[in-house]
Amino acid sequence: MNPLLTTLQPYPFEKLHGLLAGIVPPVPVPIRLSIGEPRHPTPALLREALVEHLDGLATYPMSAGLGELRETLAAWFRRRYSLQHLDSETEVLPVNGTREALFAFAQTVVDASYPAPLVACPNPFYQIYEGAALLAGARPLFLNQTADNGFGFDLEATVDEWNRTQLLYVCSPGNPTGRVLTLEDWRELFGLADRYGFVIASDECYSEIYTDEAAPPLGALEAAHRLGRDDYRGLVVFVSLSKRSNAPGLRSGCVAGDAALLRQFLLYRTYHGCAMSLTVQHASIAAWSDEVHVRDNRARYRKTFAAVVPILSPVMQVQRPDAGFYLWAGVPPGRNESGSRGDDVAFARDLFAATHVTVLPGQFLAREAHGVNPGRGYVRMALVPETHECIEAAERIVEFFR
Ligand SMILES: Cc1ncc(COP(=O)(O)O)c(C=O)c1O
């Protein structure tokens, strides 16, 4: 067997399952805020396009996808980020959701023949980054994101670590913090990438869930364009229909950026065998071509956040995120606890036992680095159920504190 498989960590939900096993809450109706799975309805136009193109099941698709899909994707990026150009032939590729693409990208980029290669990623983080690094023969280099630096990157790695870094995963808007990287953040990251020669993979799967219709989150391609890097060198961006169009089961996303990197990625993907079904490609064209359902989706989240944050803020440290659908909530210290935050694991367990509301302990989403686990003292709440259920969950949490 591949010995690297033994280096993989249990998934956060496995740990949560273990934590809550055997507990029978007194309240019968569960409310799950632990998993970031969208639960608003999948738009009819997407479902209809799927049904209309069932014939696609009879054909082997190409890894590069249909020209029509690539043109739709490139046009979406150009519109969304005011880009001067993005070439549909060389600078975009369809992927089966960002998860597989984020994983596969490290397998394409990392050269494990160099001594002790590193893949840098935020901490807390989406666990695929770590698994992708480990299975590519690298080690993760964790860049802490804490309240002290406004959940920005702590870029305090040593020169030796940066020299060994081959790939940096960025997540903006962040899961779980909701933090959106600024143009200044990007300037700094591009500077580091140029100096040390690493590639940037920018995971932007929450890019379309935001509060202010007039101020959509900055994307990495847009930042590159604004900073005069129109060749997108060393940069690949990952976007998805899962959250944007409430279609996590469709498995449809896209990568865009550096043409030379995407050429190698396409080669890797051809062997890996992850071409997107034609049926899914047609449904994706329909979804990326429509913004009405996306605005409607944002309005639902806006309503939920506006209702829930005021209910929770007297009892927990909650702040409306820049974007995304998570609350990264600080757990207040208990009577016998010192410090500014309480025990997130005990809180998640006791809250579940008392109220049947499930939240995810922050430390399950992070690793100990530079002497701290930056997830400790936080819980992640995905405000994905309908607004009334999220309100009910928030009220149960307030009652729990009483
Ligand atoms: C930060 C982040 N990236 C990527 C993904 C994967 O999304 P998908 O594969 O559905 O596009 C998720 C899913 O929850 C996520 O939270």
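About the thresholds
Residues take numbers from 1 onward in each chain, read along the sequence in its written order. Totals for whole chains, interfaces and linings use every residue, but because this is a predicted model, local features are given only for residues with pLDDT of at least 70 and side-chain atom pairs only at 80 or more, for both listing and counting. Side-chain calculation: all heavy atoms of the structure are included, whereas hydrogens and water are not. Take the buried Ala, Val, Leu, Ile, Met, Phe, Trp, Tyr and Cys residues and link them wherever side-chain atoms come within 4.5 Å; each set so joined is a nonpolar core. Throughout this description, buried means an accessible area under 20% of the type-specific maximum (1.4 Å probe, protein chains only), exposed means over 50%, and partly exposed covers the range between. Note on contacts: a residue pair qualifies if any of its non-hydrogen atoms lie within 4.5 Å across the two residues. Counting from the N terminus, the helices are the DSSP runs of H or I reaching at least four residues and the strands are the DSSP runs of E reaching at least two. By definition, no residue in a patch forms a salt bridge, and every one has over 30% relative accessible area; like charges are joined within 9 Å, nonpolar side chains (Val, Leu, Ile, Met, Phe, Trp, Tyr) within 5 Å. Only the protein chains shown count as cover for residues, and the accessible areas themselves come from Shrake-Rupley with a 1.4 Å probe. A pair is scored as a salt bridge if a Lys or Arg side-chain nitrogen falls within 4 Å of a carboxyl oxygen belonging to Asp or Glu. Strands qualify as paired when DSSP identifies two bridges or more between them. In this analysis an axis means a line fitted to C-alpha atoms, helices contributing only their contacting stretch, and an angle means the value between N-to-C directions, from 0 to 180 degrees. Think of it this way: one heavy atom of a residue within 4 Å of a molecule or strand is enough to make that residue near it. Under this definition, polar contacts are N or O atom pairs within 3.5 Å; protein pairs additionally need one hydrogen-donor-capable and one acceptor-capable atom, and for neighbouring residues in sequence, both atoms have to be side-chain atoms. Roughly parallel here means an angle under 35 degrees, roughly antiparallel means over 145, roughly perpendicular means 65 to 115, and every remaining angle is called oblique. Gly is placed with the polar residues, together with every amino acid not listed as nonpolar (Ala, Val, Leu, Ile, Met, Phe, Trp, Tyr, Cys and Pro) or charged (Asp, Glu, Lys and Arg). Multiply 1.5 Å by the residue count of a helix minus one, and that product is the helix's expected span. A clockwise path from the first strand over the helix to the second, with the strands pointing away from the viewer, defines a right-handed crossover. Left-handed is the label given to a crossing in which the near helix is rotated counterclockwise from the far helix by less than a right angle, and right-handed is the label when the rotation is clockwise.

(A) Layout of the nonpolar core. Ranked by size, the top nonpolar core spans 50 residues in total, and within it Phe77, Leu86, Trp162, Trp186, Leu189, Ile200 and Leu221 carry the most contacts. When neighbours within four sequence positions are excluded, Trp186 is seen to be in contact with Val170, Leu181, Ile200, Ser202, Glu204, Leu218, Ala220, Ala223 and Leu227. In this structure, Ile209, Val318, Leu327 and Met381 belong to the second largest nonpolar core, which totals 42 residues.

(B) Looking closely at unusual backbone geometry. For the peptide bond that leads from Asn123 to Pro124, omega is 10 degrees, which places it in the cis range. Among the structural elements, Pro124 can be located in the loop between strand S3 (118-123) and helix H5 (128-135). That bond from Ser172 to Pro173 is cis: its omega, -5 degrees, falls within 30 degrees of zero. By the secondary structure assignment, Pro173 is in the loop between strand S5 (165-171) and helix H7 (183-196).

(C) Geometry of a nonpolar patch on the surface. A contiguous nonpolar surface patch, about 360 Å² in accessible area, is contributed by Met1, Leu5 and Leu8. One can find Met1 in the segment before helix H1 (12-20). With a relative accessible area of 91%, Met1 lands in the exposed category.

(D) Just the pattern of salt bridges, in detail. As enumerated under the stated definition, the model contains 20 salt bridges in all. Arg269 is paired through a salt bridge with Glu100; the nearest N and O atoms lie 2.5 Å apart. Of this pair, Arg269 sits in helix H10 (residues 259-272) while Glu100 sits in helix H4 (residues 98-109), and the two are 169 residues apart along the sequence. In terms of burial, Arg269 and Glu100 fall into one category: buried. Taken together, the shared-partner salt bridges in this structure form one network comprising Glu213, Arg298 and Arg302.

(E) Quick look at the sheet that holds strand S4 (residues 139-144). Taking strand neighbours across the sheet as the criterion, the seven strands line up as S2-S8-S7-S6-S5-S3-S4 in an open arrangement whose pairing is mixed. Every interior strand has two partners, whereas the edge strands, strand S2 (92-95) and S4, have only one. For this sheet, the mean angle separating the axes of adjacent strands, direction not counted, is 20 degrees. In this structure, S3 lies alongside S4, joined through six bridges in parallel fashion. The residue of S4 that forms the bridge with Val119 is Pro140. Across the sheet, helix H3 (residues 67-81) is in contact with S2, strand S7 (235-240) and strand S8 (253-257); its angle to S2 comes to roughly 110 degrees. This element, H5, spans S3, S4, S5 and strand S6 (199-203) of the sheet and lies at about 150 degrees to S4.

(F) Here's a closer look at the site of the ligand. Around the ligand, the structure places 15 residues, and the nearest of them are Thr98, Asp203, Tyr206, Ser240 and Ser242. Side-chain polar atom of Thr98 to an oxygen atom of the ligand: 2.6 Å apart, as the coordinates give it. Here the ligand loses 92% of its free accessible area of 400 Å² to cover by the protein chains. Residue assignment for the shell around the ligand shows that the elements contributing at least two residues are H4 and helix H9 (241-244).

(G) Broad picture of the sheet that holds strand S9 (residues 326-330). Across the sheet, which stays open at both edges, the three strands sit in the order S9-S12-S11 with antiparallel pairing between neighbours. Both outer strands of the open sheet, S9 and strand S11 (360-361), are each paired with one neighbouring strand and no more. Both S11 and strand S12 (residues 378-382) contribute to a ladder of two bridges, which runs antiparallel. The residue bridging Leu360 from the neighbouring strand is Arg380, located in S12.

(H) Spatial organisation of the packing of H4 against H10. It is the contact of H4 with H10, at a shortest axis distance of 10 Å, that shows an interaxial angle of 105 degrees. Taken as axis vectors, H4 and H10 run roughly perpendicular relative to one another. Counted together, Glu100, Ala101, Ala104, Phe105, Gln107 and Thr108 of H4 and Leu261, Gln264, Phe265, Tyr268 and Arg269 of H10 form the full contact between these two elements. Class assignment of the residues belonging to the contact of H4 with H10 gives a composition of six nonpolar, three polar and two charged.

(I) Quick look at helix H12 (residues 292-312). The end-to-end C-alpha distance of H12, which contains 21 residues, comes to 31 Å, matching closely the 30 Å that a straight helix rising 1.5 Å per residue would cover. Check the buried side of H12 and you find it contacts helix H2 (44-52), H9, helix H11 (278-288), S9, S12 and helix H14 (387-401).

(J) Structural context of the pairing of S3. Summarising burial for S3: six of the six residues are buried, a large majority. Where S3 lies against S5, three bridges are found, and the strand directions are parallel. Residue pairing for S5: Val119 is matched across the bridge by Leu167.

(K) Quick look at the pairing of S6. Within S6, five of the five residues are buried, leaving the element largely enclosed by the surrounding structure. Pairing of S5 with S6 involves five bridges; the strand directions are parallel. Each bridged residue has a counterpart across the sheet, and for Val170 the counterpart in S6 is Ser202. As for the winding sense of the linkage, the β-α-β connection from S5 through H7 to S6 is right-handed. Alignment of S6 against S7, held across four bridges, turns out to be parallel.

(L) Main features of the packing of H3 against H11. One can describe the packing of H3 onto H11 by two numbers: an axis separation of 9 Å at closest approach and a directional angle of 25 degrees. With respect to H11, the element H3 is oriented roughly parallel. Note on packing geometry: the crossing formed by H3 with H11 is left-handed. In contact with Glu68, Leu69, Thr72, Leu73, Trp76 and Arg79 of H3, H11 contributes Gln281, His282, Ser284, Ile285 and Trp288. Across the contact of H3 with H11, the residue classes break down as five nonpolar, four polar and two charged.

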